[in-house]
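Listed here are the chains, written in short residue letters.
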Amino acid sequence: MRAPRSELPIRLEEACVAAAGVAILDRVSLTIAPGAPTVLMGPNGSGKTTLLRVAMGLTPLTGGRVAWGGLESVNPARRAIVFQRPVMLRRSVAANLRFALGGGVFARARHASRVAELLDLVGLVGLDARPAPALSGGEQQRLALARALARDPAVLFLDEPGASLDPAAAKAVEDVIRAVAARGVKVVMSTHDVGAARRLAGDIVFMNRGRVPEHAPAAEFFAAPATREARLFLAGALLV
Amino acid sequence: MESDATAIQLLLRGDAALFAAVRLSLIVSLSAVAIAALVGVPLGALVALTRFPGRSAAIVALNALMGLPTVVVGLVVFLLLSRSGPLGALGWLFTPAAMIVAQAILVTPIVAALTRQVIEDLWLEYRDELTAMNVGPLRRMATLIRDARYSLVTILLAGYGRAAAEVGAIIIVGGNIDGHTRTMTTAIALETSKGNLPLAIGLGLVLVAIVVAVNALAWFARRAGQRYAG
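Residues numbered from 1 in each chain as written. Chains lettered and ligands numbered in written order. Predicted model: local features only at pLDDT ≥ 70, side-chain atom pairs only at ≥ 80, totals over all residues.

A. Highlighting the overall build of chain A. Broken down by element type, chain A carries eight helices and nine strands. Taking 18 Å as the expected radius of gyration for a compact globule of 240 residues, we find that chain A reaches 18 Å, a close match to that expectation. If one aligns the C-alpha atoms of chain A with their principal axes, the spans along those axes are about 50 × 40 × 35 Å. Each of the 240 residues in chain A was classed as buried or not, and the buried ones make up 45%. (Helix = DSSP H or I, 4+ residues; strand = E, 2+ residues; numbered from the N terminus. Rg over C-alpha atoms; globule rule 2.2 N^0.38 Å. Buried ≥ 20, exposed ≤ 12 C-beta atoms within 10 Å, placed from the backbone.)

What follows is the structure, given as C-alpha cells:
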C-alpha cells in the first residue's frame, strides 16, 4: 500500500460543521482506512460533499476533530480532490497538468513524461494541445482526475465523479478510478449511483441529514442494510 | 501644420509636424498604459486576493478614482513638477515625461479597479481548485492574472482609450509646444480654438483611426491567443 502513515487512516470524531445555525455535519465519527474505495452514499443534502471537503482539509470543523494518520495538522500535499463540477484552468490540457505538477514531487525534467503518463492513464492522448475549457464534460472530468493524480496523491477524493455523464463517459471515469485504486491510491468518493457504488466500493458510508447511520463493507451493506433509512434509499424511496 | 490643409492631405504629403504629433500621442498614451499595467494589475490583484482593515473603503476609493478629472490631475502634476514643487528638480515639466506621468495617474485607477473585479470573480471560480492544489499566494496571483489575460487586455484597451482621448492633463503639464509636446488631442484643441475646423476634424478622424487600429490589433491578438493557447 502506497498511502503513508501521515495520511491514513483519516479519523473523524464527533465532527460537526454548521452554517447559519444549520448542522451540515452532525457529530460524525468515522474512520477511513487504507484499502478499496470508500463510497459515501445518501440523498441530496445529506452532507456527503461537506464530509469529503472536511476529510480533504478544505472545510474547517465547527466542532469535534479530524486527524490524518493520527495528526490533526498535516500538509495536504498528498491529498487531492476532484469536485463535482471541476474548473478547467484557461489553458491547454497539457498546461493544466503541468500546472498541477508545479511545486510538486516530480522534478521539472520529469514533467513532460509525467504529463504523457497521465494523459495515457485517463485516455486523453492526442488532446494535450486542446484548450481545456473546450473539452466535453466527460473529458473535463477525466482531465480533472489526471490533474488530481499529477502529484501522486496518497488519497484521492471524488465528489460525484460520474454525475451528468453519459454511460460511455461514466464508464471511462470508472475505469480510471479502478486503475488508480489498483495502484494503491486510497479513493474516497461520493455518489448517488447505486450501480457505480456496487461496482467500485470496498466499504459504504451511508449518510442522511448530516449523520452517518451506517458504515459497512459494501457486500454487507447491499445484501442487508442495517438501518431503515439505508433500506429505503436502496429501494429508491425519497428520503426527506 | 498648415492651417488651410486637411489632416488627410497632410498625412498623404508626409507632413513632419503631423507625424510628430501622431508619434508623440502613441508614445505618451502607450507608455502611460504600460506603467498603469505594471502598477495597476498587481495592485488590483492584491486588493482582490487579500483581506485587510479598510478594504471596502479602498475598493470604493479605487472605483471613485476612475472618474478622476483630467484637469485636476494635470494641475496636481504641474504643481509637483513645477520648479518650486517637490519634484521640480527632475526638470520634467513641459516634457513628454510629464505627460506620461499625468496620463499614468489617470489610467492606473481604471486598470486597478477593473482588474480587482475581474480577478475577484475568477478567484471565486478557481478558489476550491487552487486551494486543493495547495497553491501558495504568489503563484495564485500569477495564475489568476495569467488566466484573466484576455479580460485584462480589454481593461488595458479601456485605459488606452482614456489616455488617447485625454487632453486636459497633458495640455497643462506638456504645454502643447509645437514639435516637442504637441499631441493629436492638443493639436485638435489648438486648431479648434484657431477656428481651423477642417484640420481639427481631420486630426480627430486620424486619432479615431489610430484608436480603432490599436483595438483591432488587440482583438486579433486575443483571438489568436484563445485559439492557439487555450
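B. The interface of chain B and chain A, seen in detail. Facing the 11 residues of chain B at the interface are 16 residues of chain A. With six residues, the top contributor of residues to the side of chain B that touches chain A is helix α5 (residues 96–132) of chain B. (Contact = placed C-beta atoms within 7 Å.)

C. View of the environment of A224 of chain B. Residues and elements named next belong to chain B. The topology assignment puts A224 in helix α10 (residues 197–229). The exposure class of A224 is exposed, given the 10 C-beta atoms found within 10 Å. Once the C-alpha coordinates of A224 and I35 are considered, the two residues, 189 residues apart in sequence, prove to be 25 Å apart.

D. Fine view of the sheet that holds strand β7 (residues 186–190) of chain A. All names here are of chain A. Taken together, six strands build an open sheet; the order of strands is β5-β6-β7-β3-β8-β9 and the sheet is mixed. With one partner strand each, in any of the chains shown, β5 (79–82) and β9 (211–217) form the two edges of the open sheet. Going across the sheet, the axis of each strand differs from the next one's by a mean of 15°, ignoring polarity. Pairing of strand β3 (residues 38–41) with β7 involves three bridges; the strand directions are parallel. When the bridges of β7 are listed, T38 appears paired with V188. Helix-sheet contacts for helix α4 (residues 137–149) involve β5 and β6 (155–159), and the interaxial angle to β5 is about 170°. (Pairing = 2+ DSSP bridges. Axes fitted to C-alpha atoms, helices over the stretch in contact; angles between N-to-C directions.)

E. Just helix α9 (residues 184–193) of chain B, in detail. Restricting attention to buried positions, one finds in α9 of chain B the residues M184, T185, T186, A187, I188 and E191 of chain B. Note on α9 of chain B: the residue one or two positions beyond its end, G195 of chain B, has a positive phi of about 85°.

F. Broad picture of the packing of helix α2 (residues 93–101) of chain A against helix α3 (residues 111–122) of chain A. Residue and element names in this part refer to chain A. Look at α2 against α3: their axes get within 10 Å of each other, and the N-to-C directions meet at 120°. Accordingly, the angle class assigned to the pair α2 and α3 is oblique. For α2 against α3, the interelement crossing comes out right-handed. Residue-level contacts link A94, L97, R98 and L101 of α2 to H111, R114, V115 and L118 of α3. (Parallel < 35°, antiparallel > 145°, perpendicular 65-115°, else oblique. Left-handed = near helix turned anticlockwise from the far one by under 90°.)

G. Structural context of the pairing of β3 of chain A. Residues and elements named next belong to chain A. The alternating pattern of β3 places T38 and L40 and V39 and M41 on opposite faces, both of which are buried. Examined bridge by bridge, β3 and strand β8 (residues 203–208) share four bridges and lie parallel to one another. Paired with L40 across the bridge in β8 is V205.

H. Just the nonpolar core, in detail. In terms of nonpolar packing, the biggest core is built from 76 residues, with A55, A146 and L156 of chain A touching the most fellow members. Membership of the second largest hydrophobic core comes to 61 residues, among which are V77, I110, V111 and A164 of chain B. (Core = buried A, V, L, I, M, F, W, Y, C linked by C-beta atoms within 7 Å.)

I. Representation of the sheet that holds strand β4 (residues 63–68) of chain A in the model. Residues and elements named next belong to chain A. Strand order in the open sheet made by the three strands is β2-β1-β4, with antiparallel pairing throughout. Looking along the sheet, the strands with just one partner apiece sit at the ends: β2 (22–32) and β4. For this sheet the average axis-to-axis angle between neighbouring strands, irrespective of direction, equals 25°. Where helix α1 (residues 48–56) meets the sheet, its contacts fall on β1 (10–19), β2 and β4, and the angle it forms with β2 comes to roughly 55°.

J. Up close: the packing of helix α2 (residues 16–49) of chain B against helix α6 (residues 137–147) of chain B. Residues and elements named next belong to chain B. Contact geometry for α2 and α6: axes closest at 10 Å, N-to-C directions at 120°. Considering how the two elements wind past one another, α2 and α6 form a crossing that is right-handed. Contact residues: α2 offers V41, A45 and L49, while α6 offers R140, M141, L144 and I145. Here the residues of the contact of α2 with α6 sort into six nonpolar, no polar and one charged. (Nonpolar A, V, L, I, M, F, W, Y, C, P; charged D, E, K, R; others polar.)

K. Seen up close, the confidence of the model for chain B. Put simply, chain B has an average pLDDT of 91, and 96% of its residues get 70 or more. Note on the complex model: pTM 0.85, ipTM 0.86. (pLDDT = per-residue confidence, 0-100.)

L. Summary view of unusual backbone geometry. Residue and element names in this part refer to chain A. Residue P9 is reached from L8 by a cis peptide bond, and omega for that bond is 0°. Turning to its location among the elements, P9 is positioned in the segment before β1. One non-glycine residue, D152, adopts positive backbone phi at about 60°. By C-beta crowding, D152 is classed as partly exposed, having 16 other C-beta atoms within 10 Å.

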